Amino acid sequence: MAGHSKWANIKRQKARVDAKKGSLFTKLSRAIIVAARSGLPDPDGNFQLRAAVEKAKAAGMPSENIERAIAKGAGNWSDDSPLEEVRYEGYGPGGVAVLIEAMTDNRNRTAAEVREAFSKTGGSLGEAGCVSWMFRQQGVISLENVADPEALLLAVAEAGGDDLKVEGTSAEVYCDYSLLEQVATHLKKEGYQVQDAAIRWIPSNEVQVGDPDTAKLVLTLMERLDSLDDVQNVYANFEIDEAVMESLA
């Protein structure tokens, strides 16, 4: 879990949302489109869509953008370039396994951009299935303002969650992906502040990155991939030692 959590924390610490607002809104719109396409185009009856809409609102995305994205997902909005979901897999510096989820209207363009991100950091884009066996899908619920970790642990157990990781006043709850809505709804009823709830790819094992130069390349790869408009999510199985992280600061 460390690779996913480490990268999530790094992104929060960078806090450059304003500079990337256009790119952020593109990613949020596409998440809404996917959710609306996979179920009812109504947030009240589609948990995945409701979570995507809530995340978009929290980022300050205009209501008309949200409504347009829902309409596109429902097939009620004409678009000359329909989007399709694509997954890429590869190896980064130090043998780090990387799995990328993207939405694109041009597979060739997206594949070229992803391949370039790997090649410029000493990694390589691989074939489908080359690293996905190292990951498993789980429901991940992000919480903020957690005051009592022990009480949260009990609430997670009651809701049917599997695991819990607390860092300061933030926490990530892990559960079977089929129970994501159940666990998230229970935690909300218990008064917890749910920031995000989604199905994620969680690594089954971790690669320890102890060399500062390698660590810098790994982080550069992750940032390059995450900055691509077509890329929705990036997952990796790296763990960087705290001393190395401090040396890069």
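Shown above is the structure to which this text applies.
Quantities reported herein were computed from a predicted structural model and do not represent experimental measurements.

A word on the overall build of the protein chain
- A count of helices and strands for the protein chain gives 9 helices and 10 strands.
- In the protein chain, buried positions account for 46% of the 249 residues.
- The contacts of the protein chain with a sequence gap of at least 6 include a subset with a gap of at least 24, amounting to 71%.
- Of the roughly 12500 Å² of accessible surface on the protein chain, a fraction of 47% belongs to carbon and sulfur atoms.

Some details on the nonpolar core
- Residues Val-96, Val-98, Ile-100, Val-114, Leu-225, Phe-238 and Ile-240 are the most contacted members of the largest nonpolar core, which totals 26 residues.
- Counting residues per element, the ones that place at least two in this core are strand E1 (84–91), strand E2 (97–104), helix H5 (107–119), strand E8 (207–209), helix H8 (212–227), strand E9 (231–236), strand E10 (238–240) and helix H9 (242–248).
- Among the elements that make up this core, the one with the highest residue count is H8 (6 residues).
- Excluding residues that lie within four positions of it along the chain, Val-98 makes contacts with Tyr-88, Glu-89, Gly-90, Gly-92, Phe-118, Val-131, Leu-221, Leu-225, Val-234, Tyr-235 and Ala-236.
- Among the nonpolar cores identified, the runner-up in size contains 18 residues, and Phe-47, Ala-155, Leu-180 and Ala-184 belong to it.

Some words on the sheet that holds E9
- An order of E3-E1-E2-E9 is seen for the 4 strands of this open sheet, with the pairing classed as antiparallel. Every other strand in the sheet has two partners, leaving strand E3 (124–125) and E9 as the edge strands with one partner each.
- One ladder, built from 8 bridges, connects E1 with E2; its direction is antiparallel. When the sheet's bridge partners are listed, Tyr-91 is paired in E2 with Ala-97.
- Running over the sheet, H5 touches E1, E2, E3 and E9 and is turned about 25° from E1.
- Contacting E2 and E9, H8 runs over the sheet at an angle of about 160° to E9.

Here we look at the pairing of strand E5 (residues 163–167)
- Both E5 and strand E6 (residues 170–175) contribute to a ladder of 5 bridges, which runs antiparallel. Bridge pairing in E6 links Asp-163 to Tyr-174.

Overview of the packing of H5 against H8
- Two elements in contact, H5 and H8, have axes separated by 9 Å at closest approach and are oriented at 165°. Here H5 lies roughly antiparallel to H8, going by the angle between them. Viewed along their axes, H5 and H8 form a crossing whose handedness is right-handed. Taking contact as the criterion, the partners of Val-114, Ala-117 and Phe-118 in H5 are, on H8, Leu-221, Arg-224 and Leu-225.
- Partitioning the contact of H5 with H8 into residue classes produces 5 nonpolar, no polar and 1 charged.

Describing the environment of Trp-133
- Considering the arrangement of structural elements, one finds Trp-133 in the loop between E3 and strand E4 (135–144).
- Overall, the relative accessible area of 59% leaves Trp-133 in the exposed class.
- A polar contact is formed between the side chain of Trp-133 and the backbone oxygen of Cys-130, at a distance of 2.9 Å.

Some points on helix H3 (residues 47–58)
- With 12 residues, H3 should reach 16 Å at 1.5 Å per residue; the first-to-last C-alpha distance of 16 Å fits that figure.
- All buried positions along H3 are accounted for by Phe-47, Leu-49, Ala-51, Ala-52, Val-53 and Ala-56.
- Between a side-chain oxygen at the N-terminus of H3 and the backbone nitrogen of Gln-48 the separation is 3.2 Å; the capping residue is Asn-46.

The rules behind each value
- Residues numbered from 1 in each chain as written.
- Predicted model: local features only at pLDDT ≥ 70, side-chain atom pairs only at ≥ 80, totals over all residues.
- Heavy atoms only, no water.
- Helix = DSSP H or I, 4+ residues; strand = E, 2+ residues; numbered from the N terminus.
- Buried < 20%, exposed > 50% of the residue type's maximum accessible area, 1.4 Å probe, protein only.
- Contact = heavy atoms within 4.5 Å.
- Areas by Shrake-Rupley, 256 points an atom, 1.4 Å probe, with all protein chains shown as cover.
- Core = buried A, V, L, I, M, F, W, Y, C linked by side-chain atoms within 4.5 Å.
- Pairing = 2+ DSSP bridges.
- Axes fitted to C-alpha atoms, helices over the stretch in contact; angles between N-to-C directions.
- Parallel < 35°, antiparallel > 145°, perpendicular 65-115°, else oblique.
- Left-handed = near helix turned anticlockwise from the far one by under 90°.
- Nonpolar A, V, L, I, M, F, W, Y, C, P; charged D, E, K, R; others polar.
- Polar contact = N/O pair within 3.5 Å; in protein donor to acceptor, adjacent residues only side chain to side chain.
- Expected span 1.5 Å × (residues − 1).

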